[in-house]
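Geometric and topological summary
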Amino acid sequence: MRRVAIIGVGDTEFGELWDQSFRDMGIQAGLAAVADANISSEQIDALYVGNMSAGRFIEQEHIGALIADYTGLARDHIPATRIEAAGASGGLALRQGFMAVASGLHDIVVVGGAEKMTDVSDVESSVIQSSAADQEWETILGATFPALHALIARRHMHEFGTTREQMADVAVKNHKHGSLNPKAQFQREITRETVLGSPLVSSPLRVFDCAPSSDGAAAVVLCPLDMAKKFTEIPIEIIGSGQASDTLSLHDRKDVCSMAATKAAAKRAFEMANITTKDVDVAEVHDNFTISEILAIEDLGFFKKGEGGKATEAGLTGLQGEIAVNTSGGLKARGDPIGATGLAQAVEIVAQLRGKADKRQVKDASVGLAHNVGGTGGTAVVHLFRRA
Amino acid sequence: MATAPRYWRENPSRYNMVGIKCNSCGRHFFPPRAICPVCHRKSVGKIEITKLKGEGKIFSFTEVQEGLEELSLQRPYIVALVELTEGARVTGQIIDCEACDLTIGTPVRATLRKLSEEGPSGVIHYGYKFVPIKEKAP
Ligand SMILES: [Zn+2]
């Protein structure tokens, strides 16, 4: 297996980008990544695109060819592949690109992710997001996507004494980080009271516990590590990649307070990288709901099971904390254009490891982690990165 | 959302809580599966179709304020993970009660109710929901 590096990154702002189409965003992120990598488009060997549901959000399928075409690659006839795993589509696309380069099949690979969510109504958007769950045995029976996470939240509160305030603190922290990120959807700080006073969505979760619907795209350029110095002074190596699956339905999991897929994916990534959780300086985790970040920081091994809420409350996951979590603002504040999210996480980690994260820079960050989840944990993918 | 045939196909399970028992390990699963996820190949030929009693306890619950469109008539409504006495867990609505009356552990029993109506055609879909039961003397 060859060692693989990220040599370029690019992204759009995240938010309700009413003046930008799906392809506009894809082009913007892709071209930015190509420019950052100092490559010309003829050098690209393959394209992977993470996207959950363009078919339902904008009634467009065949996203691989679309993005290849509109980024000017159609004449080169490069392989262009779309990857879908609900919320983990972007992270899985990154893994596909990583495997393609590691295997020796391709040298220069562009991996992008995009989602255009705000062309449909909020109601329609939530219906589409719920399609990540089991339609026959969860959704039809009334379990919306927020409801499923509310079931996790109430159980976590019951088993470990996690408090409503601790969950609010996840949102407060991530909005604080978002306020330092010029590309974040929300750049305004909030308080516990903002969260606890926001309307209930599905008890105990409220509006400010949920990541927003967003438009956006993000992309990275990969190549073999031994070629990387030709293109960039600071290549960021992907030192570990792990993917795992679990039952589609939440009710079929023995333990709903933990995502076994996250644990398995993390174990595989850490084994490949031959490092431990303690070596990680900065992490982007899948906080589609506040409770999700609490589960993630436990399942990834940063804190003991049941201690995630307390750790958050104690500030251990802030920029100056033990482990800086979601410095971009996370899905909560940076935004969650589903297929783009896994790539946006990689873009943030690269910025941190290059020392280019400005006001949200984690001091001396050298190892980063990205954690992307599909559904309620039916898919999880973890990547580890190091400044080469 | 789902069309009529998609509901009918699953009717035995939706109406009567038909699941399976794996006679290799003794575990129950709902809805039916062709193979036991614990025993894998050892369960081949040992899967028995079984009607579950439909009784269990609330494992977790939530009151949904913003439901899906087809269920909006009954907003807010309560959704729970129910742990059946046979050991399998299912997702379902809890009715004939208020969320404030429920706790994790509240005993419930399945009952056949209207789940949703299908658009302008007015086809009504039925399936299980759960009602709280008074705790019996042990
Ligand atoms: Zn079995």
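Residues numbered from 1 in each chain as written. Chains lettered and ligands numbered in written order. Predicted model: local features only at pLDDT ≥ 70, side-chain atom pairs only at ≥ 80, totals over all residues. Heavy atoms only, no water.

1. Topic: the overall build of chain B
- When you go through chain B residue by residue, the secondary structure sums to two helices and eight strands.
- When its helices and strands are written in sequence order, chain B yields α-α-β-β-β-β-β-β-β-β. (Helix = DSSP H or I, 4+ residues; strand = E, 2+ residues; numbered from the N terminus.)

2. Re a nonpolar patch on the surface
- Nonpolar side chains collect at one region of the surface, where B:Tyr15, B:Leu112, B:Ile124 and B:Tyr126 lie side by side and expose about 340 Å² of accessible area between them.
- With respect to the helices and strands, B:Ile124 occurs in strand β8 (residues 123-132). (Patch = residues over 30% accessible without salt bridge, like charges linked within 9 Å, V, L, I, M, F, W, Y side chains within 5 Å. Areas by Shrake-Rupley, 256 points an atom, 1.4 Å probe, with all protein chains shown as cover. Salt bridge = Lys/Arg side-chain N within 4 Å of Asp/Glu carboxyl O.)

3. Side note on the interface of chain B and chain A
- Contact residues are listed per partner, giving 33 residues for chain B and 30 residues for chain A.
- Counting the surface lost from both chain B and chain A, the interface buries some 2,900 Å², and carbon and sulfur atoms represent 60% of this.
- Counting across the chain B and chain A interface gives two salt bridges.
- The partner of B:Arg14 in a salt bridge is A:Glu136, and the shortest N-O contact between them spans 2.9 Å.
- For the pair chain B and chain A, the interface holds 14 residue pairs in polar contact (both at pLDDT 80 or more). (Contact = heavy atoms within 4.5 Å. Buried area = accessible area lost by both parts, 1.4 Å probe. Polar contact = N/O pair within 3.5 Å; in protein donor to acceptor, adjacent residues only side chain to side chain.)

4. Quick look at the pairing of strand β5 (residues 77-84) of chain B
Residues and elements named next belong to chain B.
- The buried fraction of β5 is high, at seven of eight residues.
- Pairing analysis gives eight bridges linking strand β4 (residues 55-64) to β5, with the strands arranged antiparallel. Bridging from a neighbouring strand, Gly 56 pairs with Leu 84 of β5.
- Bridge count for β5 against strand β6 (residues 89-94) is six bridges, and the pairing is antiparallel. (Buried < 20%, exposed > 50% of the residue type's maximum accessible area, 1.4 Å probe, protein only. Pairing = 2+ DSSP bridges.)

5. So, the coordination of the zinc ion
All names here are of chain B.
- Coordination of the zinc ion by the protein comes from Cys 22 (SG), Cys 25 (SG), Cys 36 (SG) and Cys 39 (SG), over a distance range of 2.3 to 2.4 Å.
- For the zinc ion, the four donor atoms in the first shell make angles of 105 to 114° at the metal, so the coordination geometry reads as tetrahedral.
- Written as a sequence motif, the donor arrangement for the zinc ion is C-x2-C-x10-C-x2-C.
- Its relative accessible area of 0% is what places Cys 22 among the buried residues.
- The class of Cys 25 is partly exposed, set by a relative accessible area of 30%. (Donors = N, O, S within 2.8 Å, 3.2 Å for Na, K, Ca; no water. Tetrahedral: all angles 85-135°; square planar, octahedral: opposite > 155°, others 65-115°.)

6. Considering the confidence of the model for chain B
- Across chain B, the average pLDDT comes to 88, with 83% of residues at or above 70.
- Across the predicted assembly, pTM comes out at 0.96 and ipTM at 0.95. (pLDDT = per-residue confidence, 0-100.)

7. Topic: the layout of surface pockets
- One number sums up the size of the largest pocket: a volume of about 950 Å³.
- Taken together, 41 residues form the lining of the largest pocket, with A:Asp122, A:Ser126, A:Gln129, A:Ala211 and A:Ser213 sitting closest to its centre.
- Among the elements that take part in the lining of the largest pocket, helix α5 (residues 122-130) of chain A stands out by supplying six residues, more than any other.
- Its residues assigned to classes, the lining of the largest pocket comprises 19 nonpolar, 15 polar and seven charged.
- Of the volumes computed, that of the second largest pocket is approximately 410 Å³.
- Residue lining of the second largest pocket: 16 residues in total, with A:Asp252, A:Lys254, B:Arg27, B:Phe29 and B:Gly87 positioned closest to the centre.
- The residue makeup of the lining of the second largest pocket, split by class, is four nonpolar, four polar and eight charged. (1 Å grid on protein atoms, 1.4 Å probe; cavity = no way out; pocket = protein on both sides within 12 Å on 5 of 7 lines; lining within 4 Å. Points joined across faces, edges and corners; volume = space filled by probe spheres on them. Nonpolar A, V, L, I, M, F, W, Y, C, P; charged D, E, K, R; others polar.)

8. Structural notes on the side chain of A:Arg164
All names here are of chain A.
- Tracing the chain through its elements places Arg 164 in helix α8 (residues 164-178).
- A distance of 2.7 Å separates polar atoms of two side chains, one belonging to Arg 164 and the other to Asp 209.
- The contacts of Arg 164, once residues within four sequence positions are left out, are Met 157, Val 195, Leu 196, Pro 204, Leu 205, Arg 206 and Asp 209.

9. Describing the sheet that holds strand β10 (residues 324-325) of chain A
All names here are of chain A.
- With mixed pairing, ten strands are arranged side by side in an open sheet as β3-β2-β4-β7-β1-β8-β12-β11-β9-β10. The open sheet has two edge strands, β3 (80-83) and β10, and neither has a second partner.
- Relative to strand β7 (residues 215-224), strand β4 (residues 109-116) is paired through eight bridges, and the arrangement is antiparallel. Across the sheet, residue Val 109 finds its bridge partner in β7, namely Leu 222.

10. Here we look at the pattern of salt bridges
Residues and elements named next belong to chain A.
- Per the stated rule, a full pass over the model turns up 24 salt bridges over all chains.
- With its nearest N and O atoms 2.6 Å apart, the salt bridge here joins Asp 11 to Lys 183. Highlighted residues: Asp 11 in strand β1 (residues 4-11) and Lys 183 in the loop between α8 and α9 (192-196), separated in sequence by 172 residues.
- Here Asp 11 falls in the buried class, since its relative accessible area comes to 10%.
- Measuring nitrogen to oxygen at the nearest pair gives 2.9 Å for the salt bridge that ties Glu 293 to Lys 173. With a gap of 120 residues between them, Glu 293 in helix α12 (residues 290-299) and Lys 173 in helix α8 connect regions that are remote in the sequence.
- According to the relative accessible area criterion, Lys 173 is buried, its value standing at 10%.

11. What to know about the packing of aromatic side chains
- Inspection of the entire model under this criterion finds four aromatic pairs over all chains.
- Seen in terms of ring centroids, A:Trp137 and B:Phe30 are 5.4 Å apart; in terms of plane orientation they differ by 75°. Their pairing is edge-to-face. Of this pair, A:Trp137 sits in helix α6 (residues 135-139) while B:Phe30 sits in the loop between β2 (28-29) and β3 (47-51), each in a different chain.
- With relative accessibility at 6%, the residue A:Trp137 sits in the buried group.
- Judged by relative accessible area, which is 2%, B:Phe30 ranks as buried.
- Each residue in the set A:Trp137, B:Phe30, B:Tyr128 and B:Phe130 is aromatic and connected to the rest through ring pairs, giving one cluster.
- The ring centre of A:Trp137 lies 4.5 Å from the NZ or CZ of B:Arg14, which sits over that ring.
- Just above the ring of B:Phe59 sits the side chain of B:Arg89; from NZ or CZ to the centre is 3.7 Å. (Phe/Tyr/Trp six-rings, centres within 6.5 Å; stacked < 30°, edge-to-face > 60°. Lys NZ or Arg CZ within 6 Å of the ring centre and 35° of its normal.)

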